[in-house]
Every structure is written in C-alpha cells, then in structure tokens.
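# Architecture at a glance
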Amino acid sequence: MAKLLSCVLGPRLYKIYRERESERAPASVPETPTAVTAPHSNSWDTYYQPRALEKHADSILALASVFWSISYYSSPFAFFYLYRKGYLSLSKVVPFSHYAGTLLLLLAGVACLRGIGRWTNPQYRQFITILEATHRNQSSENKRQLANYNFDFRSWPVDFHWEEPSSRKESRGGPSRRGVALLRPEPLHRGTADTLLNRVKKLPCQITSYLVAHTLGRRMLYPGSVYLLQKALMPVLLQGQARLVEECNGRRAKLLACDGNEIDTMFVDRRGTAEPQGQKLVICCEGNAGFYEVGCVSTPLEAGYSVLGWNHPGFAGSTGVPFPQNEANAMDVVVQFAIHRLGFQPQDIIIYAWSIGGFTATWAAMSYPDVSAVILDASFDDLVPLALKVMPDSWRGLVTRTVRQHLNLNNAEQLCRYQGPVLLIRRTKDEIITTTVPEDITSNRGNDLLLKLLQHRYPRVMADEGLQVVRQWLEASSQLEEASIYSRWEVEEDWCLSVLRSYQAEHGPDFPWSVGEDMSADGRRQLALFLARKHMHNFEATHCTPLPAQNFQMPWHL
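Residues numbered from 1 in each chain as written. Predicted model: local features only at pLDDT ≥ 70, side-chain atom pairs only at ≥ 80, totals over all residues. Heavy atoms only, no water.

Our next topic: the packing of aromatic side chains. With the rule as written, the count across this model stands at 19 aromatic pairs. Between Tyr-305 and Phe-552 the ring centres are 5.5 Å apart and the planes differ by 75 degrees, which places this aromatic pair in the edge-to-face class. Residue Tyr-305 is located in the loop between helix H9 (298–302) and strand S7 (306–310), and its partner Phe-552 is located in the segment after strand S11 (536–539); the two are separated by 247 residues in the primary sequence. There is no split in this pair, since Tyr-305 and Phe-552 are both buried. Three or more aromatic residues joined by ring pairs make a cluster, and in this case those are Tyr-48, Tyr-124, Phe-127, Tyr-149, Phe-151, Phe-153 and Trp-156. The ring of Trp-156 is capped by Arg-252, whose NZ or CZ atom sits 5.9 Å from the centre of that ring. Here Lys-254 stacks its cationic end above the ring of Phe-153, 5.2 Å away from the centre of that ring. (Phe/Tyr/Trp six-rings, centres within 6.5 Å; stacked < 30°, edge-to-face > 60°. Helix = DSSP H or I, 4+ residues; strand = E, 2+ residues; numbered from the N terminus. Buried < 20%, exposed > 50% of the residue type's maximum accessible area, 1.4 Å probe, protein only. Lys NZ or Arg CZ within 6 Å of the ring centre and 35° of its normal.)

With that settled, the discussion passes to the environment of Phe-359. Turning to its location among the elements, Phe-359 is positioned in helix H11 (residues 358–367). Its relative accessible area of 1% is what places Phe-359 among the buried residues. Distance from Phe-359 to Tyr-81, taken between C-alpha atoms, is 40 Å for residues 278 residues apart in sequence. Sequence-distant contacts of Phe-359, defined by excluding residues within four places in its chain, comprise Leu-182, Pro-324, Glu-327, Asn-408, Leu-409, Asn-410, Asn-411 and Gln-414. (Contact = heavy atoms within 4.5 Å.)

Okay, the nonpolar core next. Ile-283 and Ile-351 are the most contacted members of the largest nonpolar core, which totals 99 residues. With 9 residues, helix H10 (residues 324–340) is the largest single contributor of residues to this core. The two domains that each donate at least three residues to this core are domain 2 (198–420) and domain 3 (425–557). Contact partners of Ile-283, with chain neighbours within four places excluded, come to Leu-308, Trp-310, Met-331, Val-334, Val-335, Ala-338, Ile-349, Ile-350, Ile-351 and Tyr-352. (Core = buried A, V, L, I, M, F, W, Y, C linked by side-chain atoms within 4.5 Å. Domains from an automatic or database assignment.)

Where like charges cluster on the molecular surface, the negative patch consists of Glu-490, Glu-492, Glu-493 and Asp-494. Taking the relative accessible area as the measure of exposure, Glu-493 reaches 32% and is therefore partly exposed. (Patch = residues over 30% accessible without salt bridge, like charges linked within 9 Å, V, L, I, M, F, W, Y side chains within 5 Å. Areas by Shrake-Rupley, 256 points an atom, 1.4 Å probe, with all protein chains shown as cover. Salt bridge = Lys/Arg side-chain N within 4 Å of Asp/Glu carboxyl O. Lys, Arg positive; Asp, Glu negative; His and termini not counted. Charge placed at Lys NZ, Arg CZ, Asp CG, Glu CD.)

This paragraph deals with helix H8 (residues 227–246). Its 20 residues give H8 an end-to-end C-alpha distance of 27 Å, which sits within 8% of 28 Å, the value for a rise of 1.5 Å per residue. Of all the bends in H8, the largest measures some 55 degrees and sits at Leu-233, one to four residues before the proline Pro-235. Listing the buried residues of H8 in full gives Gln-230, Leu-237, Gly-240, Gln-241, Ala-242, Leu-244, Val-245 and Glu-246. Looking at the packing, one finds that the buried side of H8 touches strand S1 (13–16), strand S2 (149–151), strand S4 (251–256), strand S5 (262–268) and H9. (Expected span 1.5 Å × (residues − 1). Bend = angle between axes of the 7 residues up to and from the residue.)

So, on to the UniProt feature "transmembrane region" (unreviewed entry) in the protein chain. Residues annotated in UniProt with the feature "transmembrane region" (unreviewed entry) correspond here to residues 60–84 and 96–116. Across residues 96–116, the secondary structure splits into 100% helix and 0% strand, with the terminal C-alpha atoms separated by 31 Å. (UniProt positions renumbered as here; feature names shortened; annotations may be inferred.)

This part takes up the sheet that holds S7. What holds strands together in a sheet is hydrogen bonding between their backbones, with the strands either parallel or antiparallel. Strands sit in the order S3-S4-S5-S7-S6-S8-S9-S10-S11 across an open sheet of 9 strands; the sheet is mixed. Every interior strand has two partners, whereas the edge strands, strand S3 (160–161) and S11, have only one. Pairing between strand S9 (residues 373–377) and strand S10 (residues 422–427): 4 bridges, direction parallel. Among the inter-strand pairings, Asp-377 is bridged to a residue of S10, identified as Ile-425. (Pairing = 2+ DSSP bridges.)

Glancing now at unusual backbone geometry. Between Phe-511 and the following residue, Pro-512, the backbone shows a cis peptide bond with an omega angle of 0 degrees. Unusually for a residue other than glycine, Ser-355 sits at a positive phi of about 60 degrees. Position of Ser-355 relative to the elements: it lies in the loop between strand S8 (349–354) and H11. Look at Ser-355 and you get buried, because its relative accessible area is 6%.

Further remarks concern the packing of helix H2 (residues 52–85) against H8. At a minimum axis distance of 10 Å, the contact between H2 and H8 shows a crossing angle of 150 degrees. On the basis of the axis angle, H2 is roughly antiparallel to H8. Here Ala-62, Ser-65, Val-66, Ser-69, Ile-70 and Tyr-73 of H2 lie close against H8, whose contacting residues are Tyr-227, Leu-228 and Lys-231. Looking at the contact of H2 with H8, its residues break down into 6 nonpolar, 2 polar and 1 charged. (Axes fitted to C-alpha atoms, helices over the stretch in contact; angles between N-to-C directions. Parallel < 35°, antiparallel > 145°, perpendicular 65-115°, else oblique. Nonpolar A, V, L, I, M, F, W, Y, C, P; charged D, E, K, R; others polar.)

Next up, the structure:
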C-alpha cells in the first residue's frame, strides 16, 4: 500500500537514459544498505513506456494543467466580463463552486488511476524505489542510479546548498536570505527631501510600477518563464537534455539559492580529456527565452571546454520568478557550486553570456573579480532604451520608473566594476538589441556597452578624439569598412602595445588608467581604435543565430 501511495504522489517520469558500462559500479564494491539495483540499458527502451492507464490519465491531467494556465492568465478579463454581466452574485457563485469541487474530485480520481497505472509498471516501481532511497541516503551510488532517470525536477533532491561553503557560515559579509548585494539605481530626483507628503504623492506611481512589473513586464522581459511556452518546448528540452547526458556525460544537479529558489544545472566535465581548454570551466548564462538544454552551452562544448549551464528562476526545472534579485541569487549559488563542489578555482572560470544573460554574467564578474574572463554575446548596456523601443512613447515615464525600480538590468555599470579581460561580440544584423531597425548598426546597444567600458577603463584615451573615431569604427557594417577606418588612421599595433605595457609596468593593472594624458590627438585615436578592436568582435548574423565554436575566443589581455 505504501508503494501504491508513492506511485500516486510520485513525479512524472519522462525518460530512462542509456547507462554506460564505465559508469556502473564495480561488482566487487558492496552496496550501501539503502542502495538498489539499477536497470540495465538493454532490458528496457531508453524512453519510459507508460501503461495505457497512466498514459491516458497523464494526458487528462496535462490538459487540465494547460486549461488552468490559460484561465490564470485570462482571469482579469474573465472577472471583468462576469462582473459586467452580473454573474458574480452569491446566488450564481455557489452553484459554480459546486461544479468546481466536483471537477477537482474527478481530477483527484484521475490522479489515483494514474498511480495505479504506475504501480503496475515495473519501470516506474524501480524508479520510485531509487528516488525514495536517494531521499533517505544521498550516497554516491544512489545519486548515480538516480541520474539515469529524467523526471519532474521538483522531486530531485538538493545537491548543493548556498550555505554549504564553510566560508559563508563564518562570514557576515556574504549573502543573507534576503539576497545578494545589487547596485541600486540613483533617485530620479536627487536632492529632493523624502518627506511623508512626497512619499504619499509617489505611492500611486509606485503601485502602478509594481503591478506592471509583476504582470506584463516580467513576462515580456522573460518569455521563457511562461508556462505555456515551456509546455510547448518540453519535447525539445527533453531531447536536448538527453543529448547532454548520454553523449556528453552531463551531470544534472539541483542548487538551493539563498532566496529558497531551486536552480536546475547541468555540468559537463572535460578535465579528463587531452584538450587543454578542458581544464577551464565556462559558466553559461542564457537569454530571456533560452534554456541550457538547447542554449548557448553548445558553443563552448564544441570548443572543448568544461561547461556549467543553468536555467533562470522559473525556467524548466528552476523555481521562482526571474527578477534581477532572484537572478543574482541564482548566479551566486552557481558560482559557489563551481568553486566548492566542482573544484574549479576562480582563475579557471570563464563567464559566457548571451543576450539578457549579460546581467548575471556582469554581476558575477563584479562580485567574483578573480574569474578568468567575461565573454558577452549580443548583450546590451542598459534595459531602459530597449524597453522604451517596444512601448508607446506616452508611457515613457512609467516604463523608465518600472525598469529602474523592479527590472534594472544595468549591465554596463556592473561590468565597469570588473578588472579582468572582456570580449564583446556584436551581431551585425541584430534585430533585438537595436533601437531602430536591424540594418542600423549604430543603434545596437552593444556599441554603448563598449563605449562605457572603454570610457571607464581608459578615460584619457576616450576623450573627444578617441570617442569620435571609435564611433566611426562602430558605424562600419562590414569587415572591409572596419579595415578601411583602421588603416586610415595608420594604427601601429606594436606601438600601442608598448605604450600600454609601459603604463601597466609603472602604475599597475587596476583600472581606470590615465594613459593618454600627455599624448597627441593622433596617438589617442590610434590607441582608441586599437582598444576597441581588441574588446569587440563582429559576427555577421541575427540575434538568435548560434555562435560557431571558432568564434568563441578568449578575450585579449596584456
């Protein structure tokens, strides 16, 4: 009876992975008391085969889940319509509650039938036995056997806790349960006395901004967190996850962040290969509709690096909602996991981000300044200009206030706090992070990210002459135009390198540098163009085109 109840309440099983001979426990090693024998790959097909009762019950419950999601998103309009028609009176609500209760009882009955179907299936009984054993005792053998299954990630046991590193428990400066530290935006009206009257005046605007951010704004900014989209992508995500596990020996893990969110991660270890880049770990930060199963992790994987992918809060197996604070909390536990559990030193970690993932990447670079390098692909400097592009002009004040208070993705500000090597990859046909049309490369917000970084690091070089010539270089839409501008100013790379190395040897590596202070205008132009070319590479593609492995290069450094 206990096993039947476990089958009723257990998670949905999607797939049984092929188990490789090298991963099986040696026969001479005794099993732990709670360990169970895992099925051999040749006994069952790798796709889980549910019995007819479980299959049909699952279909009914999945359909009910979709209807519930649609009802949830359309509930404001439905309530408004019912109110106008007078259907919200007590005499009509009571019968409706009876219908709803009957429907819930029917769905509970369907769930019980699904449990009976699972109970009669030896595959599911084997799986639930391993899952229960792992929850009782998270031994390496039990976790190895559990990794052979792909199931509802909510039931996966936690592998790493944000407080697990001993340094976190002893330090008072680390993150608290309220979250890690973020850079806060400056007040919109500086110098204004924050009196009670001013607070009351601001209250309606603050309430409106909060409602916009937590309803329409968050879903527009992170469409991958919408349940219906995830449901539609489920087959593709399962296929991508199977590829990572079966072909790349990926290891899935659940991390518990300081805000209580559970973060779904996938680690591919290449340290045992002959390729030297396998000793480096690339932490991948996905876009606003990206998942590690089908996202940018493929680029460093093809290049031979060890890779750690993770899903945003609210994406696939990760819980929570993707607000900036939750995003930073998730990134923090991912980096801690890489250092304290996977055994990588910060100097061997590369942060790689695509699109909106630049926010968590720049936060990690700011908070963990010893990381080896940062690579930002198709990213931007600030969210406000991009938000204003897609919203009516009359909403400008509301949009700006909402972004600054609740969705403040200040990538450039965070990146300027990092002292290490940086590479920016600009898509020349980007249709997402341009503020006009994709063909207008001058409106690509990656340009502003580069300018802000160079102006912070080399303020004397990026004075009037340097800023002007870099803007001209950024207007070039082809490699031929870039080379033409570069040769027009006769940039001597050897001279530029010698100037930078001499300054570094005399003053140290910490930015900002005052190099270029006593330099001629031509010298500043040469140095500005040289630095711009070293910090940004162009990729002739649209926003969502996968980055080829040959374009994944380490940033320049002296």
